[in-house]
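The chain contents come next:
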Amino acid sequence: MSSFLFFILPALGGYALTSVYLLKNPLVLHRRKRTAFYCTHISHRGGKRGGGAAGAGGTQMIELDCHLTHDGHVVVSHDENLLRQTGHDVRMSSLNLQDLPVYKERLEVTFYAGRFSSGADRKFALLEDLFRKFPEIPVSIEIKENNSQLIEKVSDLVKRYNRDELTVWASVNSNIMEQCRRTNGSMPYSFTMTRGAVLLLLFYSGLLPFVPLGESLLQFYLPHVINRTFIPEKRILRNRLIISLLEMLTMRKSLFNHLAARGIQVHLFVCNKEEDIKAAFEVGATGVMTDYPTLLSSYLSRNTNQS
């Protein structure tokens, strides 16, 4: 036993020291990932309605979700069922584009209870129109359903407008992400939920510095925002103790700094108060996602060291 410890303890010590060194100096083993964009200011759900607010708020990236109408148009919408957004209990996939209802006059901001968004233009936006309106702004598109037609149409639009390097595949579902990458492997992509869990396992085991990563972005909740402003559907995420544990496990500055050094951007959301924006940057986020682009722009202009 003593001879075994004589060999194993130095080996473990050497492994730990090497892992810590490479965590802080990842370019010893890995080439820094290069993307066509670097974004500090990201508009969540397009800055509330289809990118209009984002365009006025100085954003560097638009985050949005897409769904397909019955007649095959790719529409910018967070929900496939339109009850929350329009008051009509109907699925977008069951309607033609011309039959889509309009947004409610006042729509509650999901991650800011008691606050509402409004706008003169209450029509749903087409992804193609957004690409035309913001030809040089990166867009992160979350795909929520394993719909090959939707994925192919999004990819076709990306190619048509020469946006392969400026458009990001995003999904929490690894199967959907695999389909997205098979359809268009030229687009950068973000971590799925499963890959995020693997990332944490690699980090805590010390293996992360040795493992190559294909993702270009990590987009994740700032956990205390869930506690304060958003009641998720899953019961486990309604427990404050669970959220506190999640924050302790995931909000690791050394992890985020390592990813950033490898060229992987870390975007935390949804930060709708200055205290949230400040907390996100302090923990190592390279970018912040918000429903209020002008609020984030104001914060960045007053804290130039963060931009």
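Presented here is an overview of the structure given in this document. Since the structure is predicted, the reported quantities are computational estimates derived from the model, not experimental observations.

Rules and cut-offs
Residues numbered from 1 in each chain as written. Predicted model: local features only at pLDDT ≥ 70, side-chain atom pairs only at ≥ 80, totals over all residues. Heavy atoms only, no water. Helix = DSSP H or I, 4+ residues; strand = E, 2+ residues; numbered from the N terminus. Buried < 20%, exposed > 50% of the residue type's maximum accessible area, 1.4 Å probe, protein only. Patch = residues over 30% accessible without salt bridge, like charges linked within 9 Å, V, L, I, M, F, W, Y side chains within 5 Å. Areas by Shrake-Rupley, 256 points an atom, 1.4 Å probe, with all protein chains shown as cover. Salt bridge = Lys/Arg side-chain N within 4 Å of Asp/Glu carboxyl O. Phe/Tyr/Trp six-rings, centres within 6.5 Å; stacked < 30°, edge-to-face > 60°.

### Looking at the environment of Glu136
As for its position among the elements, Glu136 is in the loop between helix H4 (127-133) and strand S7 (139-142). In this structure Glu136 comes out as exposed when scored by relative accessible area, which is 70%. Residues Glu136 and Arg163, spaced 27 residues apart in sequence, show a C-alpha to C-alpha distance of 8.4 Å.

### Observations regarding a nonpolar patch on the surface
Taken together, the side chains of Tyr21, Val28, Leu29, Leu207 and Phe210 present a nonpolar region at the surface, about 470 Å² in accessible area. Looking at where Leu207 falls in the secondary structure, it is placed in the loop between helix H7 (193-205) and strand S9 (217-221).

### Let's talk about the packing of aromatic side chains
A complete count under the given rule lists six aromatic pairs for this structure. A centroid spacing of 4.7 Å and a plane angle of 45 degrees characterise the contact between Tyr221 and Phe269, whose relative ring orientation is tilted. Of the two residues, Tyr221 sits in strand S9 while Phe269 sits in strand S10 (residues 265-269), which places them 48 residues apart along the sequence. Using a relative accessible area of 28% as the deciding quantity, one classes Tyr221 as partly exposed.

This is a description of form; function is not addressed.
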